[in-house]
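Report on the structure
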Amino acid sequence: MIPQRAGSSVYRVDGKDKVTGAARYAIDIKVPGMLHGHVVRSTRAHAKIVSIDVEEALSRPGVAAVVTGNDLTGLFPRFGHIIADHPILALDRVRYYGEPVALVVARTPYEAADAADDVRVHYEDLPVVITPEEALADGAPLLHETSYDSGDRSFAEARSEVGARTNVAHMAVLEWGDVEAGLREAAVVVESTVQFPMHYAYAMEPYNAIASFDNGMLEVISTAQHPFQVRDDLARIFSLPLNSVRVRSPLIGGGYGSKSYTKVEPLAAVAAWATGRPVRVALDVEGSIHTTRADSATIHVRSGFDADGRILAREFDILFNTGAYADNGPLVLTKCVHRCFGPYRIPNLRVRGRAVYTNTVPSSSYRGFGAPQGSFAGETNLDRAADILGIDPAQLRRINLVRPGEKHIPKRRGMDADLVADLDIVTSKLGWRNKPTAGRGIGFACSASDAGAFPLSTATVRILADGSVLVLTGSTEMGQGSKTALAQIAATELGVPLEKVQVVQSDTATTPYERTTGASRTTTLTGLAVQRACCDALSKMEEIAADVSGCRIEEVKTAEGVVAGPDFEYRFDQLVAEWFGGRQGEIVGHGVVRRAGDLEELPPFWEIGMVGVEVAVDEETGLVNVEHLVTVGDVGYAINPSLVEGQDLGAATQGLGGALFEQLIYDGPQLVNPNVVDYRVPRMKDMPRRISSVIVERQDGVGPYGAKGGGEGSLNPIAAAVAAAVARATGVWPDRLPLTAETVWGLIRADRQLPSDTNEVDDA
Amino acid sequence: MSTVTIDTFVNGQRVTRQVAPRMTLAEFLRDDLGLTGTKVSCEMQVCGACTVLIDDMPVSACTYLAADADSRRITTVEGLAHGDELHPIQAAFVENFAIQCGFCTPGFVMMTAALLAENPAPTAEEVAEYMDGNICRCTGYKPILSAVLDAAERLRGTE
C-alpha cells in the first residue's frame with residue numbers, strides 16, 4: 001500500500017483548520033448588511049391562531065420586519081420532501097408547542113430577541129394529542145384535515161395514501177409467506193413489546209442559515225446535510241427555477257441525520273424576501289430541539305421457532321410518534337419496517353408500521369433511521385426466545401443468520417457480508433460463555449440496514465495547469481471524513497500525492513449533483529463517482545497525449561501521475577501546458593453513479609451492525625457501567641481505517657447514550673427537558689472501560705476497492721445488546737429505554753417484589 | 001444603550017473596546033474580534049465548546065460577560081499555534097484522530113492546555129475527570145483521551 005492512498009490512515013485533511021479555529025462553519029460566516037431573525041414560538045400545543053399583534057414589536061429599536069404566516073401570500077407556504085405539510089410559519093393554526101409562529105428581523109440578535117417578547121399571539125385552544133394512542137382514538141382531533149400534494153416521485157417508497165381523515169401520516173407494510181400458519185407450526189412462540197423513547201441528535205452546531213437575494217438568485221448558506229434537497233424545497237416556495245437557488249453547506253458541526261432535509265432555510269429565505277436584506281436565522285439548542293427529534297416507538301413482536309431454534313415466522317407491529325409534521329418520518333418508518341426483523345432467514349413475515357401525527361415536535365432522520373428502534377424490539381425478542389428455547393443466543397443467531405449471497409428480503413440484494421464470522425468475532429472478543437455471573441452480563445446483537453439510499457451521485461475532477469487537482473462533489477463534510485476519504489480515492493486513481501488534491505464540497509451552483517449525504521453512502525457511492533470522474537479525466541489525458549504526440553491512443557498508458565507513450569512521458573502539468581499552450585487550461589472528468597449495472601439491485605449495500613457489551617450492574621443503585629464494548633466494522637475495505645474506527649466508536653457511543661441516558665420527555669403539552677443539562681448525552685467518564693474495535697475487510701462491497709458504508713452500523717443494535725447484558729446481570733428483561741439507574745433499580749425491585757418507594761426502603 | 005469600556009489582552013495583543021453590558025465573552029470574541037474559533041453550543045456552561053483561558057483559567061465564554069474580562073488576559077484557540085506550526089496539543093489532536101466535525105475541538109484543545117498547565121503528567125482517570133465538562137458528540141472520546149495523554153508526553157519532551 002502506498003502511503004496516503006486508499007487503505008492508509010492519513011490524517012484528516014481538515015484537521016489543521018479544525019484544531020486552530022480556522023475552520024469555517026455556517027455560523028462563522030458573515031454577509032455584509034446581514035440582519036438577524038429571532039423565532040417567536042407557539043406557547044400552545046394545538047390551537048387556532050385568532051390574531052397576531054406585531055405593531056409593538058415593529059416599533060422596537062432596530063426591528064426591520066416581523067414576518068408571520070399572513071405575509072406568505074404569493075409563495076408556496078409549506079415545505080416537506082415527502083409530504084409538503086410543514087408551514088414555514090404557522091398559517092392559521094399551531095400543531096405543537098414551540099412551532100414557529102413569527103420571525104422578528106432586526107439589526108442585531110439582541111434587538112430581534114428583545115422585540116420577539118412583544119409579539120402578541122392570540123390563540124383559541126384545540127384538543128391536544130401527545131401520544132399515538134391518543135391520536136388514533138375515536139374522536140381524536142385531526143392534525144391535518146387535508147392531504148397535501150406529495151414531494152418527488154423518487155420518494156415513492158415513503159409516500160402515503162392514508163393522510164386524509166386520519167392522524168396516520170404514513171403506513172408501511174412488508175409481508176411474505178403465511179405468518180399465521182408459521183406461528184401455528186411453531187414449537188415456541190415468543191411475544192414481547194418494547195418502548196423506545198424520543199431522542200435528540202444534539203449536533204453541537206445548532207441549526208442556522210443565512211439567506212439573501214441577489215440578481216434574482218436566492219443564495220443560502222446553511223447547516224444542511226443535503227443542500228440539493230433544500231434547494232428543491234426553496235425553489236418550490238419561491239417558484240424559482242433550480243438554477244436560481246444556490247445552497248451552500250460549509251463544514252457542518254455534526255449532523256447524524258438531524259440536519260438532513262429542510263429545516264431553518266425557509267425561515268431565513270422568507271425573511272430575506274420580506275426585507276430585501278440578507279438575514280441570518282441561528283437557533284439555540286432549545287430551538288433546535290423544537291425543530292427536529294427522532295421518533296419514539298412502541299413495537300410489538302411475535303416470533304415462532306421450531307424446537308431446534310429455526311425461525312418459522314415473525315410478526316411486527318410498529319407505532320411511531322412522528323410529531324406534528326411528516327418531515328422524513330415516513331421514510332424512517334419504512335426503513336424501520338425493513339430493518340426490525342434482522343438479517344435472518346424468515347419464511348413467513350408480516351410487518352405493519354404506522355407513523356402517527358401528534359401535537360409534538362416533528363420527528364425526522366437520526367443516525368440509523370428506524371434501525372435502532374426496530375433492532376431493540378427484534379433482537380431482545382430473539383434473546384428472550386433463546387432463554388425459552390434453551391439455546392445459546394449466539395447459536396440461535398448462527399442458525400438463522402443468512403449466509404453470504406443469500407437474500408433475507410425477496411427481490412433485494414443478497415447479503416454482501418459474512419454475518420456468522422462477524423458474530424464470532426464479537427463473542428470471542430467478549431469471552432462469551434453462556435453462564436450467569438451475578439452483577440455482570442454480556443449482550444450482543446446484530447442488524448443489517450438497507451443503506452446507501454438511492455444510488456445517484458455525480459462528481460467532477462479537474463486537473464489544472466500546474467498538475468494540482470480539484471475534486472468537486474455535492475457531498476457534505478460533517479465530521480465523517482468525506483473530504484479526506486474522497487481525496488484519498490482521487491489521489492489513488494490519478495497517482496498523485498494527496499497534497500495535490502483539493503476537495504470542494506456542497507454548493508448547488510458549482511458542485512455537481514448529490515442526492516443526499518446520509519445512509520452511510522458517501523464513501524461507497526460518491527467514492528464511485530469520484531473514481532469514475534478520475535477515470536474519465538485520465539482517458540481524456542490519454543487522448544490528448546495521443547493527439548499531441550501523433551501516436552495511437554492504445555499506445556498511451558498512464559501510471560503514477562505520468563502519461564507515457566512510445567517516445568514520451570508527460571507529467572499532468574506538462575501535458576496540459578502542451579495541449580493548451582503555456583500554463584493555462586484544465587482537463588475535466590465527470591463521473592456518474594446511477595441505478596444501473598452493479599447498482600441496479602437495491603439496496604446498494606447492507607450496512608452491518610454487529611456489537612457486544614459487557615456491563616456491570618450495581619444491584620443496590622441500578623447503575624449500569626459498560627465494562628467492555630466490542631464493535632465490528634464490516635466495511636468491505638477501509639479507505640482510511642482510523643476514520644472507520646472513529647465512525648464505529650462514535651456511533652456506538654451515541655447508541656450507548658440512547659441505551660443508558662437519553663430521552664426527551666413530554667409532561668403534558670410541552671417538553672420538560674429541551675436542553676443539554678436535562679437531556680444527558682455521554683461524557684468522557686461514561687466511556688466503556690475497555691473498547692475493542694475490529695475492522696473486517698472482505699472487499700465484498702460495491703464501492704471503490706470493495707468498500708461499503710459504515711457509520712450507523714455500530715449504533716443500530718447496541719440498545720438491544722445493552723438490554724440483554726443488563727438482563728443477564730439482573731435476571732430481568734428490560735422492555736424500555738433508557739436504562740438509567742432509576743429504571744434498572746425499579747426493574748430489579750419489581751421483579752423481586754420489593755417496595756420501589758425509596759421512603760420505604762430500610763437501611764439495607 | 002450604555003456601554004462598558006474593557007481593556008484586555010487577547011492572544012497577547014492589547015484590545016480596548018466599548019461593549020454592551022450584557023455582551024458575552026463569546027460574542028465579543030466572535031462578533032467584535034472575528035475570532036470565530038471559539039464555538040457556542042449549549043449556552044448553559046455544560047458542553048465546553050466555548051472554553052477559553054482567562055488568566056490561564058478555563059472558563060465558558062458563553063456565560064462569561066465581556067465586561068468581566070476587563071484587565072484580564074484571554075487566550076483563545078487562535079492563540080496557541082506559532083505561525084504555521086501547530087502547538088503540540090493541536091498536533092496531538094490531529095495525529096490521534098481526536099477530531100470529527102470539529103465543533104467541540106477548540107474547547108477540548110483549550111481545556112487540555114489548562115489541564116496540562118496544572119498537571120503535566122495526568123493519568124487517564126484524571127484526564128476523564130477534568131474533561132467531563134466537555135461534550136464531544138462524534139468521537140466517543142477515546143481518541144481525545146489518547147490525544148491528551150500524547151500531548152502531555154510531547155510537552156514534557158519539549159521542556
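Residues numbered from 1 in each chain as written. Chains lettered and ligands numbered in written order. Predicted model: local features only at pLDDT ≥ 70, side-chain atom pairs only at ≥ 80, totals over all residues.

Overview of the sheet that holds strand S4 (residues 57–60) of chain B
Paired through backbone hydrogen bonds, the strands of a sheet run either parallel or antiparallel to each other. Residues and elements named next belong to chain B. Overall, mixed pairing links the five strands, which are arranged S2-S1-S5-S3-S4 in an open sheet. Across the chains shown, the open sheet's two edge strands, defined by having one partner strand only, are strand S2 (13–19) and S4. Put simply, the sheet's adjacent strands are angled 40° from each other on average, direction ignored. Bridge count for strand S1 (residues 4–10) against strand S5 (residues 73–75) is two bridges, and the pairing is parallel. Each residue of the ladder has a partner; that of Phe9, found in S5, is Arg73. (Pairing = 2+ DSSP bridges. Helix = DSSP H or I, 4+ residues; strand = E, 2+ residues; numbered from the N terminus. Axes fitted to C-alpha atoms, helices over the stretch in contact; angles between N-to-C directions.)

Describing the domain arrangement of chain B
Residues and elements named next belong to chain B. Assigned domains within chain B: domain 1 (4–79) and domain 2 (88–158). Computed over C-alpha atoms, the centres of domain 1 and domain 2 are 21 Å apart. On the domain 2 side, the residues contacting the 15 residues of domain 1 number 13 residues. (Domains from an automatic or database assignment. Contact = placed C-beta atoms within 7 Å.)

Digging into the pairing of strand S14 (residues 279–282) of chain A
Residues in a regular strand project their side chains so that they alternate between the two faces of the sheet. All names here are of chain A. Here S14 shows two buried faces, one formed by Val279 and Val281 and the other by Arg280 and Ala282. Pairing geometry for strand S1 (residues 35–41) and S14, over three bridges, is parallel. Residue pairing in the sheet places His36 in a bridge with Arg280 of S14. Here four bridges tie strand S11 (residues 208–214) to S14, and the two strands are oriented antiparallel to one another. Bridging across to S14, Ala211 finds its partner in Val279. (Buried ≥ 20, exposed ≤ 12 C-beta atoms within 10 Å, placed from the backbone.)

So, the interface of chain A and chain B
Contact residues are listed per partner, giving 40 residues for chain A and 41 residues for chain B. When contributions to the side of chain A that touches chain B are tallied by element, the ones reaching two or more residues are helix H1 (15–20) and helix H16 (641–660) of chain A. A total of six residues in the side of chain A that touches chain B trace back to one element, the largest contributor, which is H16(A). Along the lines of polarity and charge, the residues of the side of chain A that touches chain B split into 19 nonpolar, twelve polar and nine charged. (Nonpolar A, V, L, I, M, F, W, Y, C, P; charged D, E, K, R; others polar.)

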